[in-house]
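Each chain, written out:
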Amino acid sequence: MDDILEERICEVVARTFGVDEQDVDGDTTAQTLGSWTSLAHLRLLTNLQDAFGVRFTMAEMTNMTSVRAIEQTLAAKGVSA
Amino acid sequence: MDLGLSLHIADYYLKQRRLDDVRATLDSLTPPDVPREREELAAVWARLAHAYIMRRKTDLAEQALAQSRALASTTEAERAAALLAAARGTHSESAAHWRHVVAALPQDGSAWLALAREHSAAGQPAEAATAYLRAARVDPSHATVLTIAERLAALAPSLPEPPAASRVRIAILGSSTLDHVQSYLEVACRQAGLTPTFYLGPFGQYAQDILNDAGPLYAFAPDVIILAIHGSTLFPEIYNAPFDLDVASRRAAAANVVERVADLLHELTKRTNAHVLLHTFATPQYSPLGTLDLSDPFGQTAIFQAINSGLAERVRHDFSSVHLIDEDRVYGRAGKRTVTDPRMWYLARIGIGEGALAALADEYMRFLTAITARSRKCLVLDLDNTLWGGVVGEDGPHGVALGQEAPGNAYVAFQEAILSLWKRGVILAVNSKNNEADAMEVLERHPDMVLRPSHFAALRINWQDKASNLISIAEELNIGLDSLVFVDDNPAECALVRSRLPEVLTVELPDDPALYRGVLLGLIAFDTLTLTDEDRERGRLYAQRRERQEWESRTSGSLDEYLSELGIVVEMAPADAFAIPRIAQLIGKTNQFNLTTRRHNEASVRAFADSPASGVYSIRVRDRFGDSGLTGVAIVRKQPDVWEVDTLLLSCRVLGRGVETAMLSVLVDAAKASGANTLRGDFIRTAKNAPAADFYPRHGFARVEERGETQTWSLDLRTGSVTAPSWLALSVPAPAQS
């Protein structure tokens, strides 16, 4: 896993859900982070699109429910840090 | 090595996250002497500190920060210090550093957000809320607004108790996912100084909510109900495949939609007097008939037009508490293709998306501003580079830009937009630094002026400061400073007024006059719920008023002589159906001579008027200078022994002439004639109704109770009485045969 990409993703996740950056890492998922609800997920998707300059498909949106999944999706779209 | 090159290398290592290499590079440099170079180096040390914080290496971060501060103070160092303080848990300290950052970078939304979070963590919810609202203003992007809405809602219970007049209870019902609508409204309301509480109906359950007498909607006791039913839910066949039906069936289907919505409104308004904001239906972007839609005798565009105009007519006739949100117009402003993101629609049934939410929230705020009596009454305008291009004192009255050619035509278009507002009842005034003669030459004689002196209720053309002029205008027109909107192109004048008179809405015009008209049309300040003949006449009434005042300043003699010469006639009668909209409007906006400030809406006034146990009176006043129109309202509750004055108010235009005494005398006589032995009324003190405080005691009423801001006064009708002043003529209808 690309360390810098993971760090940037964690920063966006932390900013979106209003938690400290130290509480988000590569193992964080929608299940482990209380403020990651389905409505808040939509906000995360908007922030990720803005931060990385990409647009997600419906299928990608449904699948990105963990930091790892987000990394994989972004990497597959050719995004590197 | 050259400092610039070293810093470049350090930045490169920073991007690569090779922090030890960054440190080594910076350590190897001797501190420069030139201040600008010291600042550059300090900034890179601060960025290193930031990177260490992200890696949770706080000790190394502290050291890097210390190095930075030893060289110079920079905003980056404040940012790093803020993050370090937050990591240590010292949130007030962190907030102090973030305040430095936003002072240097007021447009940095994420810095305002961070400041807000630190205030919140430091147990300072009011400061946090202010910072959140600032962040939303600076960065109104979708994700930011949604985040801030959530944080504000979470802070709400810890904020100080808001004044009752600012609270508004809003229910949102519809057939798609409307959570984001609530978020945008949460932020928009708070930015306007309102404190909203929300009830969001469960997905797709608007009908159940409306029909359930004992359910959560009515238990919530909303002041306002937003009803946004998506066309595809309500009439799917017309939405998707209207041309499977023949023309007659399509017409019938359209009429049927209007009936169904009217039924729903009937059920709703039966159970609540809340204002209803009902969405009309936006025509889809593409017709199933493609470009042949308008050639068809009753295509999709025609169907939607029939539905929307049918709905408008029904609402106009039958539902005075329902107001329409024109979806086509609002979404048109935003651009229809931004309204729905198909991914959000399919995944989450979000029918109103990112592109349209801001425009929709603005539209709601137009109604909410009127509903909460926060609409403004008076537009005060600068002259130079506002109503015309150039400076009349320098360019001469013939040299200003005003006419058919650019940029003069932009100013003409701006004046035309102002004139539209005047025709809707907005009062106009001038606040300009000029020699009066120069400015009046243009106002009176320039052929391309759209606005003339007779359009203005007050003129301050002098060399005094503009804030004092505004205070003087408000006094002359007898309205509050919070009723004024001040428009000027000069940033220094605007800044002065904003800081001295925060209650005035100051609008700073952009550099380009081509944009002026758009700025005025987009202002949320002058919307009202009704438009009466009174509104249409207001401009002329103010010209009369100016004449009257000029006459008064020439009159000498006693007060009684003067009052008699005015020839005042007061007409007081039970309100008829025509008067009720104007009565509701007066109730909504009269603040000074208002004994109880109970903001009954049109439906409630109608209910009072229709009931035999209550009465609504309208008061019209005229004098030798003209007819001031319907300027007073009285509402009484009638019991066999006791009549109670629920509402008694008078427009400030007609104060000081004994009209209120005449009103009271009519009520006293009517109460006596009905057999009652007591007339009672409350005086509820507000920040603005001091002029009404001595009304009851002055007429011989005795105070019988006092609870908090409310005093109850009473007159024994067997022994007491009120006589109308002798200088006015009082006209009441003969009592009906009962």
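### Observations concerning the overall build of chain A
Next up, step 1: The number of helices and strands found in chain A is 4 helices and 0 strands.
Next up, step 2: Starting at the N terminus and walking to the C terminus, you meet the elements of chain A as α-α-α-α.
Next up, step 3: Computed over the C-alpha atoms, the radius of gyration of chain A is 11 Å, within 12% of the 12 Å expected from 2.2 N^0.38 for a compact globule of 81 residues.
Next up, step 4: Taking the principal axes of the C-alpha coordinates as reference, chain A spans close to 30 × 25 × 20 Å.
Next up, step 5: Counting over 81 residues, chain A shows a buried share of 28%.
Next up, step 6: Taking contacts inside chain A between residues at least 6 apart in sequence as the whole, the part at least 24 apart equals 53%.

### As for the overall build of chain B
Next up, step 1: The helix and strand inventory of chain B stands at 31 helices and 18 strands.
Next up, step 2: With the C-alpha coordinates aligned to their principal axes, the bounding extent of chain B is approximately 105 × 75 × 60 Å.
Next up, step 3: By the burial criterion, 41% of the 738 residues in chain B qualify as buried.
Next up, step 4: In chain B, of all internal contacts separated by at least 6 residues, the share reaching a separation of at least 24 is 66%.

### What about the sheet that holds strand β17 (residues 710–716) of chain B?
Residue and element names in this part refer to chain B.
Next up, step 1: The strand order β16-β17-β15-β14-β13-β12-β11-β18 describes an open sheet built from 8 strands, whose pairing is mixed. Each edge of the sheet is formed by a strand with only one pairing partner; in this case those strands are β16 (702–707) and β18 (729–731). Averaged over neighbouring strand pairs, the angle between their axes works out to 25 degrees when direction is ignored.
Next up, step 2: Of the pairings in the sheet, the one linking strand β15 (residues 678–684) to β17 comprises 7 bridges and is antiparallel in character. Counted as the bridge partner of isoleucine 684 is threonine 710 from β17.
Next up, step 3: The strands touched by helix α28 (residues 579–589) are β12 (614–623), β13 (626–638) and β14 (642–650); relative to β13, the strand with the most contacts, the crossing angle is about 85 degrees.

### With respect to the nonpolar core
For soluble globular proteins, the rule of thumb is that nonpolar side chains tend to be buried together.
All names here are of chain B.
Next up, step 1: Judged by nonpolar contacts, the single largest core of 164 residues is most densely connected at Ala49, Ala80, Ile226, Leu227, Val380 and Ala429.
Next up, step 2: Every residue in contact with alanine 80, bar those within four places of it in the chain, is listed here: Ala46, Ala49, His50, Ile53, Ala61 and Leu65.
Next up, step 3: Membership of the second largest hydrophobic core comes to 51 residues, among which are Ile587, Val605, Val633 and Leu715.

### Examining the sheet that holds strand β10 (residues 505–508) of chain B
All names here are of chain B.
Next up, step 1: Across the sheet, 5 strands lie side by side as β8-β7-β6-β9-β10; this open sheet has parallel pairing. Two strands in the sheet have a free side with no partner beyond their single neighbour: β8 (456–462) and β10. Between one strand axis and the next, the sheet turns by 20 degrees as a mean value, whatever way the strands run.
Next up, step 2: The strands that helix α24 (residues 491–500) touches are β9 (484–488) and β10; relative to β10, the one it contacts most, it runs at about 165 degrees.

### Structural notes on the interface of chain A and chain B
Next up, step 1: In this complex, chain A contributes 15 residues to the contact, which on the side of chain B involves 15 residues.
Next up, step 2: Those elements that place two or more of their residues in the side of chain A that touches chain B are α1 (3–17), α2 (38–52) and α3 (58–63) of chain A.
Next up, step 3: The leading source of residues in the side of chain A that touches chain B is α2 of chain A, at 5 residues.
Next up, step 4: In terms of residue class, the side of chain A that touches chain B is built from 5 nonpolar, 6 polar and 4 charged.

### Here's the deal with helix α16 (residues 300–318) of chain B
Next up, step 1: Helix length check: α16 of chain B (19 residues) gives 27 Å between terminal C-alpha atoms against 27 Å at 1.5 Å per residue, within 8%.
Next up, step 2: Along its buried surface, α16 of chain B packs onto α14 (236–240), α15 (247–271) and β5 (322–325) of chain B.

### Examining the packing of helix α2 (residues 19–27) of chain B against helix α3 (residues 35–54) of chain B
Residues and elements named next belong to chain B.
Next up, step 1: One can describe the packing of α2 onto α3 by two numbers: an axis separation of 11 Å at closest approach and a directional angle of 155 degrees. Viewed along their axes, α2 and α3 adopt a mutual orientation that is roughly antiparallel. The interaxial crossing formed by α2 with α3 has left-handed handedness. The residues of α3 that touch α2, namely those facing Leu19, Val22, Arg23 and Leu26, are Val44, Trp45, Leu48, Ala51 and Tyr52.
Next up, step 2: For the contact of α2 with α3, the residue count by class is 8 nonpolar, no polar and 1 charged.

### Notes on the domain arrangement of chain B
Next up, step 1: Domain assignment breaks chain B into domain 1 (3–136), domain 2 (161–371), domain 3 (378–522) and domain 4 (559–731).
Next up, step 2: Centre-to-centre, using C-alpha coordinates, domain 1 of chain B lies 47 Å away from domain 2 of chain B.

### Quick look at the pairing of strand β7 (residues 427–433) of chain B
The side chains of a regular strand alternate between the sheet's two faces.
Residue and element names in this part refer to chain B.
Next up, step 1: With 7 of its 7 residues buried, β7 lies for the most part within the structure.
Next up, step 2: Residues of β7 alternate between two faces, with Ile427, Ala429, Asn431 and Lys433 on one and Leu428, Val430 and Ser432 on the opposite face, all of them buried.
Next up, step 3: In this structure, strand β6 (residues 378–381) lies alongside β7, joined through 4 bridges in parallel fashion. Bridging across to β7, valine 380 finds its partner in alanine 429.
Next up, step 4: Looking at chain direction, β7 and β8 are connected through 6 bridges and run parallel. Counted as the bridge partner of lysine 433 is asparagine 462 from β8.
Next up, step 5: At this point the chain moves from β7, through helix α22 (residues 436–445), to the parallel β8, and the crossover so formed is right-handed.

Calculation rules
- Residues numbered from 1 in each chain as written.
- Chains lettered and ligands numbered in written order.
- Predicted model: local features only at pLDDT ≥ 70, side-chain atom pairs only at ≥ 80, totals over all residues.
- Helix = DSSP H or I, 4+ residues; strand = E, 2+ residues; numbered from the N terminus.
- Rg over C-alpha atoms; globule rule 2.2 N^0.38 Å.
- Buried ≥ 20, exposed ≤ 12 C-beta atoms within 10 Å, placed from the backbone.
- Contact = placed C-beta atoms within 7 Å.
- Pairing = 2+ DSSP bridges.
- Axes fitted to C-alpha atoms, helices over the stretch in contact; angles between N-to-C directions.
- Core = buried A, V, L, I, M, F, W, Y, C linked by C-beta atoms within 7 Å.
- Nonpolar A, V, L, I, M, F, W, Y, C, P; charged D, E, K, R; others polar.
- Expected span 1.5 Å × (residues − 1).
- Parallel < 35°, antiparallel > 145°, perpendicular 65-115°, else oblique.
- Left-handed = near helix turned anticlockwise from the far one by under 90°.
- Domains from an automatic or database assignment.
- Right-handed = clockwise from strand over helix to strand, strands pointing away.

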